[in-house]
Amino acid sequence: MVLKVFFPSCCSSADSGILIGRWISEQNSAVILAVVHFPFIPVQVKQYLGEVQRVTKVSVSVLGSWSNSKQEKEESLSEFLEDLGTIFCHEPWIQISKEGDSKFWSCSTLQKHSKSPQEEEIILVYYDQRKVMLSHLHPPLDTAGQRAEDASKLSAIFDTVARSQILFMTDRYDEGPIKLTHWQSDGVEASIIVELMKQASVPACVLLTFLLSLLSGICRSRMLKFWPLSFLWSKLSTCEQLGHRLQHLQVISSNKKAQNQNQLMRKANIFVSLLIDVALGILLMSWLYRKNRIGHLADTLIPVADHVAEELQDLLQWLMGAPAGLKMNRALDQVLGRFFLYHIHLWISYIHLLSPFIEMILWYVGLSACLGLTVALCILSDIIALLTFHIYCFYVYGARLYCLKIYGLSSLWRLFRGKKWNVLRQRVDSCSYDLDQLFIGTLLFTILLFLLPTTALYYLVFTLLRLLVVIVQGLIHLLVDLIDSLPLYSLILRLCRSYRLAAGVKFRVLEQQDGKPLRLLMQINPLSYGGVVQTYRLPTYSCYPKDSWASLCKKLFLGELIYPWKHKGEKQN
């Protein structure tokens, strides 16, 4: 049989002593957890292991002996270590010792109590105890006692190390009778700053939870459910982003402990995302309020709006003539052109009416950047939507008129073929028409057909303008989604401590010689960066539509409206 011994590399410099760990008989494997070095009393070691076993529910026992030949070279020591096998009574008794000048160790077994001892092939696997402990490849600890253990998997090794955490809380500075060597024997890994933050976070979370519950109660009040407040709350992307961030704050300030690794990573990703978002927002706010940039922006906004209005007037004058040499219906062309020119005139008057207050509005809007860069970007998107509201109105008018003619032509075309649309059964059925109906249908079809090019041209021009605005808003919302959903903490963790985000393990052969144990090194295989983003990506509540190209083209052809927001209640995940 093959005996697999998992030995922690942190114990390579330990003093001579005995090996404690777990024996997995189903795998014929031994997981070494620590080294108890001399001097010690066997009775105290047994009592200590009994307490550890009662707390961790792991059958921890003495598995063998460890001899550091650089420190002890007497033959009496090796004989004493062999005699310890009669005291602790473990079969087989594993002996690991240093091989002179070699950087590896020799490993052998003794079977004193076996009647027919068999020579076993030994595989010595070195593993980094710290990385195995923090890799979270083991099953959740709270379900460890409820599940049926599958000892044929490598997860039993990780489970043994993870559940023996109390064993690693004893370092060399403790004044107990037993001295251990393990991955935290030089001192338990901790940070004074982290411990102080943990103590201070309890009252801070209680206060934040109270404030958030008060704010969420105000948001759920009946006052916001009345029109037009409910309409504005559902349509403005700023309100959607504020609600999204409010949910994030509730998750962070919750006093419930994370049940598993995914929940812990989600909280950490949300916290880092909020922190970076607010930091970028404060940087943007400090840049805006330096050198009177708010005033310069307000002075630039009115001329830009006038220039856009002038360009639209020139475009309408071009459409009212002979655009690209096309023959248009002059009466309808003049009516549509004057109708849109009147709207532009109203828009210019509205902008100049607001011009004295624009600097003050921008000054207060700039303060919202302290809530985060995403909130500032959503406000920018809403400002663009308000400044281009006349273009949206032009698009709606043209789309409705074009849609009316398209559906009218399709209905009259069915009349020519002796068909009609059955509303109840949602299908096209045969129908017989009399002469008067066919005559009126022919007249209407001819009128709509000859007026269609003029309407389609106006619809095409304003749809292109509308798509330009939608693309700009889409780029802004893509940036907001990127900040909201990107798992920044996981990416930083993957860059600095890749073993914390493990996807599996790999083994590297260190030495393979005849007559000697096969020596392997177990390494943690980290997740790829794409896997980190896909696994720990945060859900987004973007208010921007995500239609396919086929759906978008169908809407454009049929004249259906393209909204700059999602309908209320839809969530993009």
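- Under the annotation held in an unreviewed UniProt entry, the chain carries the name PIGQ acetylglucosaminyltransferase and is attributed to Falcunculus frontatus.

**Examining the UniProt feature "transmembrane region" (unreviewed entry) in the chain**
Link 1 in the chain: Feature annotation in UniProt places "transmembrane region" (unreviewed entry) on residues 200-219, 270-289, 335-354, 361-388, 394-416, 437-461 and 467-492, given in this structure's numbering.
Link 2 in the chain: Secondary structure within residues 437-461 divides into 100% helix and 0% strand; the distance between the first and last C-alpha atoms comes to 35 Å.
Link 3 in the chain: Within residues 467-492, the helical portion is 92% and the strand portion 0%, while the C-alpha atoms at the span's ends are 37 Å from each other.

**Let's talk about the pattern of salt bridges**
Link 1 in the chain: By the definition in use, this model includes three salt bridges.
Link 2 in the chain: A salt bridge links R163 to D159, with the shortest nitrogen-to-oxygen separation between them at 3.1 Å. Taken together, the residues span about one helical turn, with R163 and D159 both in helix 4 (residues 155-163) at a distance of four residues.
Link 3 in the chain: Using a relative accessible area of 14% as the deciding quantity, one classes R163 as buried.
Link 4 in the chain: Note that R245 and D484 form a salt bridge whose closest N and O atoms lie 2.9 Å from each other. On the criterion of sequence distance, the pair formed by R245 in helix 7 (residues 237-252) and D484 in helix 14 (residues 435-485) is long-range, its members being 239 residues apart. Assigned by exposure class, R245 and D484 land together as buried.
Link 5 in the chain: Bridged by salt links that share partners, the residues R245, D277 and D484 form one connected network.

**Some words on the packing of helix 12 (residues 373-387) against helix 14**
Link 1 in the chain: Running from N to C, helix 12 and helix 14 point in directions that differ by 165°, and their axes come no closer than 10 Å. In this view, helix 12 runs roughly antiparallel relative to helix 14, as classed from their interaxial angle. Along this stretch, helix 12 crosses helix 14, giving a crossing that reads as left-handed. Side by side, helix 12 and helix 14 meet where L373, T374, L377, C378, L380, S381, I384 and A385 of the first sit next to V469, V472, Q473, I476, H477, L479, V480, I483 and D484 of the second.
Link 2 in the chain: Taken together, the residues that form the contact of helix 12 with helix 14 break down as twelve nonpolar, four polar and one charged.

**Digging into the pairing of strand 2 (residues 17-24)**
Link 1 in the chain: Of all eight residues making up strand 2, seven are buried, and the element is well covered by its neighbours.
Link 2 in the chain: The pairing of strand 2 with strand 3 (residues 29-37) spans eight bridges and is antiparallel. From the neighbouring strand, I18 faces strand 3, where its bridge partner is V36.
Link 3 in the chain: Taken together, strand 2 and the strand that follows it, strand 3, pair antiparallel across an intervening segment of four residues, in which N28 is found at a positive phi of about 55°.

**Observations concerning the packing of aromatic side chains**
Link 1 in the chain: Per the counting criterion, the structure on display carries 15 aromatic pairs.
Link 2 in the chain: Aromatic side chains F394 and F462 sit 5.2 Å apart centroid to centroid with 45° between the ring planes, which places their arrangement in the tilted category. Residue F394 is located in helix 13 (residues 389-416), and its partner F462 is located in helix 14; the two are separated by 68 residues in the primary sequence. Side by side, F394 and F462 carry an identical accessibility label, which is buried.
Link 3 in the chain: An aromatic cluster is present here, built from F339, F340, F394, Y397, Y458 and F462 joined pairwise through their rings.

**So, the environment of R130**
Link 1 in the chain: When you line up the elements, R130 lands in helix 3 (residues 129-134).
Link 2 in the chain: Note on R130: relative accessible area 23%, which makes it partly exposed.
Link 3 in the chain: Along the sequence, R130 and W183 sit 53 residues apart, while their C-alpha atoms lie 6.0 Å from each other.
Link 4 in the chain: A polar contact of 2.6 Å, which involves the side chain of R130, links it to the side chain of Y499.

**What about helix 16 (residues 529-536)?**
Link 1 in the chain: Buried within helix 16 are the following residues: G531, V532 and Y536. In an axial view of helix 16, the angular spread of the buried residues amounts to 105°, which keeps them on one side of the axis.
Link 2 in the chain: Buried-residue contacts for helix 16 involve helix 8 (261-288) and helix 15 (488-496).

**Observations regarding a nonpolar patch on the surface**
Link 1 in the chain: Among the surface-exposed residues, F357, M360, I361, W363, Y364 and L367 lie close enough to one another that they form a single nonpolar patch of about 600 Å² accessible area.
Link 2 in the chain: Position of F357 relative to the elements: it lies in the loop between helix 10 (330-354) and helix 11 (358-367).
Link 3 in the chain: Among the residues examined, F357 registers a relative accessible area of 44% and is labelled partly exposed.

**Focus: unusual backbone geometry**
Link 1 in the chain: Unlike most non-glycine residues, K57 shows phi in positive territory, near 60°.
Link 2 in the chain: Judged by relative accessible area, K57 falls into the exposed class, the value being 62%.
Link 3 in the chain: Its identity is not glycine, yet K291 carries a phi of approximately 55°, on the positive side.
Link 4 in the chain: Here K291 shows up in the loop between helix 8 and helix 9 (293-319).

Conventions adopted
Residues numbered from 1 in each chain as written. Predicted model: local features only at pLDDT ≥ 70, side-chain atom pairs only at ≥ 80, totals over all residues. Heavy atoms only, no water. UniProt positions renumbered as here; feature names shortened; annotations may be inferred. Helix = DSSP H or I, 4+ residues; strand = E, 2+ residues; numbered from the N terminus. Salt bridge = Lys/Arg side-chain N within 4 Å of Asp/Glu carboxyl O. Buried < 20%, exposed > 50% of the residue type's maximum accessible area, 1.4 Å probe, protein only. Axes fitted to C-alpha atoms, helices over the stretch in contact; angles between N-to-C directions. Parallel < 35°, antiparallel > 145°, perpendicular 65-115°, else oblique. Left-handed = near helix turned anticlockwise from the far one by under 90°. Contact = heavy atoms within 4.5 Å. Nonpolar A, V, L, I, M, F, W, Y, C, P; charged D, E, K, R; others polar. Pairing = 2+ DSSP bridges. Phe/Tyr/Trp six-rings, centres within 6.5 Å; stacked < 30°, edge-to-face > 60°. Polar contact = N/O pair within 3.5 Å; in protein donor to acceptor, adjacent residues only side chain to side chain. Arc of directions from axis to C-beta. Patch = residues over 30% accessible without salt bridge, like charges linked within 9 Å, V, L, I, M, F, W, Y side chains within 5 Å. Areas by Shrake-Rupley, 256 points an atom, 1.4 Å probe, with all protein chains shown as cover.

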